[in-house]
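Each chain is listed here by its residues.
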Protein chains: 2
Amino acid sequence: MQITSKFTAAVHILACIDIFGGQMRVTSDFLSGSTGVNAVIVRGVLGQLRAAGIVETRQGSGGAHLAKALDEVTLYDIYKAVDCVDDEGLFHFHENPNAECPVGRNIHKSMDGRLQAAQAALENELKSTTLAQVVADTRKIIDEE
Amino acid sequence: MQITSKFTAAVHILACIDIFGGQMRVTSDFLSGSTGVNAVIVRGVLGQLRAAGIVETRQGSGGAHLAKALDEVTLYDIYKAVDCVDDEGLFHFHENPNAECPVGRNIHKSMDGRLQAAQAALENELKSTTLAQVVADTRKIIDEE
DNA sequence: TAAAGTTGTAACTATAATTGTTTCAACTTT
DNA sequence: AAAGTTGAAACAATTATAGTTACAACTTTA
């Protein structure tokens, strides 16, 4: 099981928009070239980021732009935007526990809080890092190359 | 994206082994009935739990038994046993970033540590709860019914 | 020792999720 | 009007998950 690669692709995309946005028009085709992700998928990700208020795009003119400051976007915002984990939660209960068995009808209840806590721990960690930090690290690595 | 339901099924199975193990033989067929999970899948999960040293099973005689005290098994041990997340990690990098792009060839490096930290936060939370706690909660809920 | 019941496992199927692809209308700029 | 772009629908390919069928190996017990 793995979280969709659209998440890391989205971070990559946002880093590109910041790093290359000054010099050129950052189109879905360019982003496809940098990420290795199909241009239609890139446009899909950009659409999700747009819906979340993270980027701006326009038909025709082309080129994506950031809609927020880098330090106002956390990895969690991106994770939510690309819908890594749906409303059902990260953990997936087996679906037909037997209600006639005392364990079967209660196991969900007795685990739920703990599983939610684990998911929250993951998400809080993602909230603690901003795009500004990731882009700063990326720029630093590039400069040191 | 969701973590395999074999994880919650495994916890359910272990709770059943503890709660019903005194009174009866807890077979894969019985566990299939309580969990609603196919008996062959149950046997597969039991095999993984056995490989991890958490349960004991034997061909022929039937009936699974716990190989450890309830408070010596954490949710993390079960999560590892049923292989919820493989060696690649919870997060999944897009696979063909362009090495000729400065962002493409460095994004992995600049995100990796933070993604590992997020995964570790999840796993540490799972380490903090034992099967003893889950079974105690389950028994309590059953008693209050 | 034969019968019944069970585990372990391989091979296969069904279903769902993920990613990629094709196609084209709508839009903007030149 | 032409060129380039986004948005989105429809479909295909691939992979992952869970279920199913089938059966050999094993244990108990009658």
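How do you make sense of the overall build of chain A when you look at a structure like this?
A count of helices and strands for chain A gives six helices and two strands. In sequence order, chain A lays out its α and β elements as α-α-α-β-β-α-α-α. The C-alpha radius of gyration computed for chain A amounts to 19 Å, which surpasses the reference 15 Å derived for 145 residues by more than 25%, pointing to a less compact arrangement than a globule. Counting only C-alpha atoms and orienting by the principal axes, one finds that chain A spans roughly 65 × 35 × 25 Å. A total of 145 residues make up chain A; the buried ones form 47% of that total. Looking at chain A alone, contacts between residues at least 24 apart form 63% of all its contacts between residues at least 6 apart. Carbon and sulfur atoms form 44% of the exposed surface of chain A, whose accessible area is close to 6700 Å².

What should I look at first to understand the nonpolar core in this one?
Where a protein is soluble and globular, its nonpolar side chains tend to be buried together. Residues F7 and I78 of chain A together with F7 and I78 of chain B are the most contacted members of the largest nonpolar core, which totals 92 residues. Among residues more than four places away in sequence, those in contact with I78 of chain A are F7, A10, V11, L14, L49, I54, V73 and L131 of chain A.

How should the protein's contact with DNA strand C be read in this particular structure?
Around DNA strand C there are 25 residues in total, and T4, S5 and N38 of chain A together with S28 and T57 of chain B lie nearest to it. Counting only the atoms of DNA strand C that lie within 4 Å of the protein, the sugar and phosphate share comes to 70%. At 2.7 Å, a side-chain N or O of S5 of chain A approaches a phosphate oxygen of DNA strand C. At 3.1 Å from a base oxygen of DNA strand C is found a side-chain nitrogen or oxygen belonging to Q59 of chain B. When residues of the surface near DNA strand C are traced back to their parent elements, those giving at least two are α3 (39–51) of chain A together with α3 (39–51) of chain B.

Help me understand the packing of aromatic side chains in this model?
One pass over the full model with this rule turns up eight aromatic pairs over all chains. With a centroid separation of 5.3 Å and an interplanar angle of 75 degrees, the aromatic rings of F20 of chain A and F30 of chain A are classed as edge-to-face. Of this pair, F20 of chain A sits in helix α1 (residues 6–20) while F30 of chain A sits in helix α2 (residues 28–35), and the two are ten residues apart along the sequence. We classify F20 of chain A as buried; its relative accessible area is 11%. The exposure class assigned to F30 of chain A is partly exposed, which follows from its relative accessible area of 25%. The interplanar angle of 35 degrees and the centroid separation of 5.5 Å between the aromatic rings of F91 of chain A and F7 of chain B together place this pair among those described as tilted. Of the two residues, F91 of chain A is situated in the loop between α4 (75–81) and α5 (107–127) and F7 of chain B in helix α1 (residues 6–20); the pairing between them involves two chains. A residue is classified by how much of its surface remains accessible, and F7 of chain B, at 1% relative accessible area, is buried. The rings of F7, Y76 and Y79 of chain A together with F91 of chain B are connected pair by pair, giving a single aromatic cluster. For the cation-ring pair, K127 of chain A lies above Y76 of chain A, with the distance from its terminal atom to the ring centre recorded as 4.5 Å.

Just to check I follow, could you spell out the interface of chain B and chain A for this structure?
Accessible area lost during the coming together of the parts is what is often quoted as the interface size. Facing the 60 residues of chain B at the interface are 60 residues of chain A. Between chain B and chain A, a total of about 5200 Å² is buried, with carbon and sulfur atoms accounting for 67% of that surface. Its largest share of buried area at the contact with chain A, chain B owes to M1, Q2 and R114 of chain B, together 15% of the area lost on that side. Taken together, the links from chain B to chain A amount to four salt bridges. The closest approach of N and O atoms between D137 of chain B and R114 of chain A, which form a salt bridge, is 2.8 Å. Put simply, chain B and chain A have 27 residue pairs in polar contact (both at pLDDT 80 or more) between them. Only α1, α2 (28–35), α5 (107–127) and α6 (131–144) of chain B provide two or more residues apiece to the side of chain B that touches chain A. Looking at the side of chain B that touches chain A element by element, the count peaks at 13 residues for α5 of chain B. A per-class count over the side of chain B that touches chain A returns 31 nonpolar, 21 polar and eight charged.

Sorry if this is basic, but what is going on with the relation of the copies chain B and chain A here?
Between the two copies of the chain lies a relationship made up of a rotation around an axis and a movement along it. Relative to chain A, chain B is turned by 180 degrees and slid 0.0 Å along the rotation axis, the superposed coordinates differing by an RMSD of 0.0 Å. Taken together, the rotation and translation relating the two chain copies correspond to the operation of a two-fold axis. Across chain B, the rotation axis passes nearest the C-alpha of L122 of chain B, at a separation of 2.4 Å. In this assembly the copies share their binding face: 100% of the residues contributing to the interface of chain B also contribute to that of chain A.

Cut-offs used in this document
Residues numbered from 1 in each chain as written. Chains lettered and ligands numbered in written order. Predicted model: local features only at pLDDT ≥ 70, side-chain atom pairs only at ≥ 80, totals over all residues. Heavy atoms only, no water. Helix = DSSP H or I, 4+ residues; strand = E, 2+ residues; numbered from the N terminus. Rg over C-alpha atoms; globule rule 2.2 N^0.38 Å. Buried < 20%, exposed > 50% of the residue type's maximum accessible area, 1.4 Å probe, protein only. Contact = heavy atoms within 4.5 Å. Areas by Shrake-Rupley, 256 points an atom, 1.4 Å probe, with all protein chains shown as cover. Core = buried A, V, L, I, M, F, W, Y, C linked by side-chain atoms within 4.5 Å. Near = heavy atom within 4 Å. Polar contact = N/O pair within 3.5 Å; in protein donor to acceptor, adjacent residues only side chain to side chain. Phe/Tyr/Trp six-rings, centres within 6.5 Å; stacked < 30°, edge-to-face > 60°. Lys NZ or Arg CZ within 6 Å of the ring centre and 35° of its normal. Buried area = accessible area lost by both parts, 1.4 Å probe. Salt bridge = Lys/Arg side-chain N within 4 Å of Asp/Glu carboxyl O. Nonpolar A, V, L, I, M, F, W, Y, C, P; charged D, E, K, R; others polar. Least-squares fit on C-alpha atoms with pLDDT ≥ 70 in both.

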